[in-house]
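Residue strings, one per chain:
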Amino acid sequence: VSATVKAAPAVTPDAAPDTAPAAGPGAGSGRRPRWTPGRVGMLAAALALAALWVLPLAWAVATSLKPENETTRTSLEWIGSRITFDAYEKVWASGDLARWMVNSAYISAVTTALTVLTCAMAAYGFSRTEFRGRRALYGLVLAGIMVPPQVLIAPLFAEMVSLGLVDTYWGVILPQVAVPAMVFILVKFFEGVPRELEEAAFVDGAGRWRVFWTVVIPLSRPVLAAVAIFTFIQTWNNFLWPFLVTTDPNAMTLPVGLVNVQSTYGARYAQVMASLVIAGLPLLLVFAFFQRQIVRGVAHTGLAGQ
Amino acid sequence: MTATAPTAPAPPARAAVRAGARSPAVRRRWTEHGLVFTAPFLLLYALFLVWPVLLGLKMSLGDDNIAGTDSRFVGLDNYAEALRDPEVWSSLWHTVWFTLLSTVPLVVTGLVLALLAHHLRVVQWLWRLSWFTPFLLPSGVVGLLWLWMIYPSDFGLADLLLKSLGLDPGIGWLTDTRYAMLSIVLTTVWWTVGFNFLLYLAALQAIPQHLYEAAELDGAGAWHRLRHITLPMLSRTTAVVVVLQLLASLKIFDQVYIMTGGGPDESTRPILQYVYDAGFTGYRIGYASAVSYVFFALIVIVSLIHLRMTRRSREEAAK
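Predicted model, so just to flag it, every value in this text is computed and none were measured.

(A) Spatial organisation of the overall build of chain B. Tallying secondary structure elements over chain B gives 15 helices and 0 strands in all. Each of the 319 residues in chain B was classed as buried or not, and the buried ones make up 54%. When the accessible surface of chain B is summed, it comes to about 14600 Å², and 66% of that surface belongs to carbon and sulfur atoms.

So, in structure tokens, the structure goes:
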């Protein structure tokens, strides 16, 4: 058994390119790069580009902290006469942002859990079991990779109307769960895992279900985390579908609610920016804590098409 | 069973596993519960992907309104109308035009940022933080942020910056048909380039270091190494990034809807917004389905090219 245990880490398809970011780009060489004029120039260029990318975010924060009557001044000022959280208090007080945030969190969490669970089970079924029609069904799933949900908005909406799911959480969640690309990613992963571990468990008398939960799932934790992270970001940020299927402000997700309500802020520029900062913050905070996992998850899942 | 006996040197535990693996009981295990594992996914897949595809096809052959009542079979009328409809062609063109305009800067900028971060080898967190974080913002936040940054001509950040540089402000960023699409492209590059940046960064870090060391021994300069080692080693990644980018750009809707509503003069309205306009505000959901399927055909063509490419690169990798 020891031989198969040793073999297991080597088969994780994400081992080579994905551990690299964690190890840092200097991995292997170990020497400190010198500060040649070329590298100093590169550093300057990179810093300038970084500043350019941060600029819009900085502007949003700066504006949100100004007194409302100073936000429309026609000269470039980053800081107003005083720093105030008035705008935040006002946009938070209505309760809308909090409600949409709860909606978004609930919808994203349920969608992610269901996606990971159903896709992992399906991928295991397709890669590790035999049943009549397996190949044909897997082919049908693979064909679905070519169908972007955006081209199905009209029939999906009609379906939601007849199921009575308009303006409900399930109406937002269900169409986002069956993602064929995720099944494909996981099938590729499972195919790379040697069967010996599972066979050893079978010999010990474990059933199919137990093997899946106690052998396969723990072994796939990195790839499942990648799928989960990617799904969560996608769902949290999805606009088109929740926008179509919710008309009741109480059922809206954060991005949809924001866009829906923006006209009521009118020219209250500080409030607009404060609401954007609040809406953008949750994922950025998550990113701050899980930078490495998120970077690896996005790169891994994004490159899966290869 | 007897076949495994001669391999005596193998540790007993392993031999037992092998022997057990061949037993009919274990072999039977592999065939168990396949449908149970796949059923939950297949059910959702059938309900929310396969069925809508078929329903959309049926709806595109009828004159359904949004409530799904009074539907009449009209054959291919909707498709014929769509192909004659100048608004279908113009919005299709806006989608393609946006895709062409955005793909090149998104891929090239992603590569440049990754090269910078990779070669600098310092403060990696700063590069990731500044270039990747916008990707984590919802389109609603990005669209509104850029709208309020570039639209107000007297107090928007864009014009204030131009003014402080001594340049002429008052560009109709979103109101002038010459600039509106470019503004959307700019917003999109800022928003999503971080994704391509990450893909390139991962690919750069996978290039074997010894290639560079050998080239350095041969006296190859930085430019030479970039052209003859880095870029060729990235060609597979580039192919993937380009196709993923094409597919993503073709689905443009959010930014346009939020920032210009398709204007000015419908000069930025993408095909997806036309589907929305026809089906959800015009209530002609049958016609909207037909237009969707015209768009679908375009996506399928790009996807098939992608499929051929990945198959070829996989075959090359297998060699």
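(B) Focus on the side chain of Ser267 of chain B. Residue and element names in this part refer to chain B. With respect to the element layout, Ser267 can be found in the loop between helix 13 (254–259) and helix 14 (271–281). By relative accessible area, which is 18% here, Ser267 ends up buried. The contacts of Ser267, once residues within four sequence positions are left out, are His94, Thr177, Met181 and Gly262.

(C) Summary view of the pattern of salt bridges. All names here are of chain B. A full pass over the atoms with the stated rule returns 8 salt bridges over all chains. With its nearest N and O atoms 3.1 Å apart, the salt bridge here joins Glu81 to Arg284. Of this pair, Glu81 sits in helix 4 (residues 77–84) while Arg284 sits in the loop between helix 14 and helix 15 (285–318), placing them 203 residues apart in sequence. The residue Arg178 makes a salt bridge to Asp176 at a minimum N-O spacing of 2.9 Å.

(D) Spatial organisation of the interface of chain B and chain A. Every contact between the two is made by 110 residues of chain B and, on the other side, 116 residues of chain A. Carbon and sulfur atoms make up 77% of the area that chain B and chain A hide from each other, which totals about 10200 Å². In this assembly, chain B and chain A are joined by 0 salt bridges. Scanning the region where chain B abuts chain A turns up 9 residue pairs in polar contact (both at pLDDT 80 or more). Sorting elements by how many residues they give to the side of chain B that touches chain A places helix 3 (residues 34–60) of chain B first, with 20 residues. For the side of chain B that touches chain A, the per-class residue count stands at 74 nonpolar, 24 polar and 12 charged.

(E) Representation of the nonpolar core in the model. Judged by nonpolar contacts, the single largest core of 182 residues is most densely connected at Phe126, Val183 and Leu186 of chain A together with Phe41, Trp131 and Phe197 of chain B. It is helix 9 (residues 180–205) of chain B that contributes the most residues to this core, 16 residues altogether. The residues contacting Leu186 of chain A, other than those within four sequence positions of it, are Cys119, Ala120, Ala123, Val223, Leu224 and Val227 of chain A.

(F) Main features of the environment of Asp265 of chain B. Residues and elements named next belong to chain B. Counting through the fold element by element, Asp265 comes out in the loop between helix 13 and helix 14. A relative accessible area of 75% places Asp265 in the exposed class. The sequence separation of Asp265 and Asp176 amounts to 89 residues, and the corresponding C-alpha distance is 9.2 Å.

(G) Here's a closer look at a nonpolar patch on the surface. Together, Trp78, Ile79, Ile83 and Phe85 of chain A line one region of the surface with nonpolar side chains, adding up to about 440 Å² of accessible area. Structurally, the position occupied by Ile83 of chain A is in the loop between helix 3 (37–64) and helix 4 (86–93).

(H) Quick peek at helix 8 (residues 157–164) of chain B. Here helix 8 of chain B has its buried residues at Leu157, Ala158, Asp159, Leu160 and Leu162 of chain B. Two residues or fewer after helix 8 of chain B comes Gly166 of chain B, characterised by a positive phi angle close to 80°.

(I) Quick look at the packing of helix 12 (residues 221–237) of chain A against helix 15 (residues 269–289) of chain A. Residues and elements named next belong to chain A. Running from N to C, helix 12 and helix 15 point in directions that differ by 175°, and their axes come no closer than 12 Å. On the basis of their axis angle, the class for helix 12 and helix 15 is roughly antiparallel. Residue-level contacts link Phe232, Ile233, Trp236 and Asn237 of helix 12 to Ala279, Pro282 and Leu283 of helix 15. Looking at the contact of helix 12 with helix 15 residue by residue, the class counts come to 6 nonpolar, 1 polar and no charged.

(J) Spatial organisation of helix 12 (residues 235–250) of chain B. Between its first and last C-alpha, helix 12 of chain B extends 23 Å over 16 residues, near the 22 Å set by a 1.5 Å rise per residue. Buried residues of helix 12 of chain B: Thr237, Val240, Val241, Val243, Gln245, Leu247, Ser249 and Leu250 of chain B, and no others.

(K) Here's a closer look at the packing of helix 3 of chain A against helix 5 (residues 86–120) of chain B. Look at helix 3 of chain A against helix 5 of chain B: their axes get within 10 Å of each other, and the N-to-C directions meet at 130°. One way to sum up the angle between helix 3 of chain A and helix 5 of chain B is to call them oblique. In the packing of helix 3 of chain A onto helix 5 of chain B, the handedness of the crossing is left-handed. Across the interface between the two elements, Arg39, Met42, Leu43, Ala46, Leu49 and Trp53 of chain A from helix 3 of chain A touch Thr109, Leu113, Leu115, Leu116, His119 and Leu120 of chain B from helix 5 of chain B. Here the residues of the contact of helix 3 of chain A with helix 5 of chain B are counted per class, giving 9 nonpolar, 2 polar and 1 charged.

(L) Expanded view of the confidence of the model for chain B. Residues and elements named next belong to chain B. Residue-level pLDDT values for chain B average 84, and 86% of them are 70 or greater. Element-level pLDDT for chain B is lowest in helix 1 (residues 12–22), with a mean of 49, against a maximum mean of 94 in helix 5. Scored below 50 in pLDDT, residues 1–17 shows 12 contacts in the model against residues more than four places distant or in partner chains. Both scores are available for the predicted complex, with the pTM at 0.85 and the ipTM at 0.83.

(M) Fine view of the packing of aromatic side chains. Residue and element names in this part refer to chain A. Across all of its chains, the model carries 34 aromatic pairs over all chains by this definition. Here Tyr106 and Tyr169 contribute two aromatic rings whose centre-to-centre distance is 4.7 Å and whose plane-to-plane angle is 35°, an arrangement assigned as tilted. Here the residue Tyr106 occupies a position in helix 5 (residues 96–128), and Tyr169 occupies one in helix 8 (residues 169–173), the gap between them amounting to 63 residues. Here Tyr106 falls in the partly exposed class, since its relative accessible area comes to 39%.

(N) Broad picture of unusual backbone geometry. Residues and elements named next belong to chain B. Residue Arg121 is not a glycine yet carries a positive backbone phi of 60°. With respect to the secondary-structure elements, Arg121 resides in the loop between helix 5 and helix 6 (124–132). Phi angles above zero are rare outside glycine, and Glu266 is one such case at about 60°. Note that Glu266 resides in the loop between helix 13 and helix 14.

Thresholds applied
- Residues numbered from 1 in each chain as written.
- Chains lettered and ligands numbered in written order.
- Predicted model: local features only at pLDDT ≥ 70, side-chain atom pairs only at ≥ 80, totals over all residues.
- Heavy atoms only, no water.
- Helix = DSSP H or I, 4+ residues; strand = E, 2+ residues; numbered from the N terminus.
- Buried < 20%, exposed > 50% of the residue type's maximum accessible area, 1.4 Å probe, protein only.
- Areas by Shrake-Rupley, 256 points an atom, 1.4 Å probe, with all protein chains shown as cover.
- Contact = heavy atoms within 4.5 Å.
- Salt bridge = Lys/Arg side-chain N within 4 Å of Asp/Glu carboxyl O.
- Buried area = accessible area lost by both parts, 1.4 Å probe.
- Polar contact = N/O pair within 3.5 Å; in protein donor to acceptor, adjacent residues only side chain to side chain.
- Nonpolar A, V, L, I, M, F, W, Y, C, P; charged D, E, K, R; others polar.
- Core = buried A, V, L, I, M, F, W, Y, C linked by side-chain atoms within 4.5 Å.
- Patch = residues over 30% accessible without salt bridge, like charges linked within 9 Å, V, L, I, M, F, W, Y side chains within 5 Å.
- Axes fitted to C-alpha atoms, helices over the stretch in contact; angles between N-to-C directions.
- Parallel < 35°, antiparallel > 145°, perpendicular 65-115°, else oblique.
- Expected span 1.5 Å × (residues − 1).
- Left-handed = near helix turned anticlockwise from the far one by under 90°.
- pLDDT = per-residue confidence, 0-100.
- Phe/Tyr/Trp six-rings, centres within 6.5 Å; stacked < 30°, edge-to-face > 60°.

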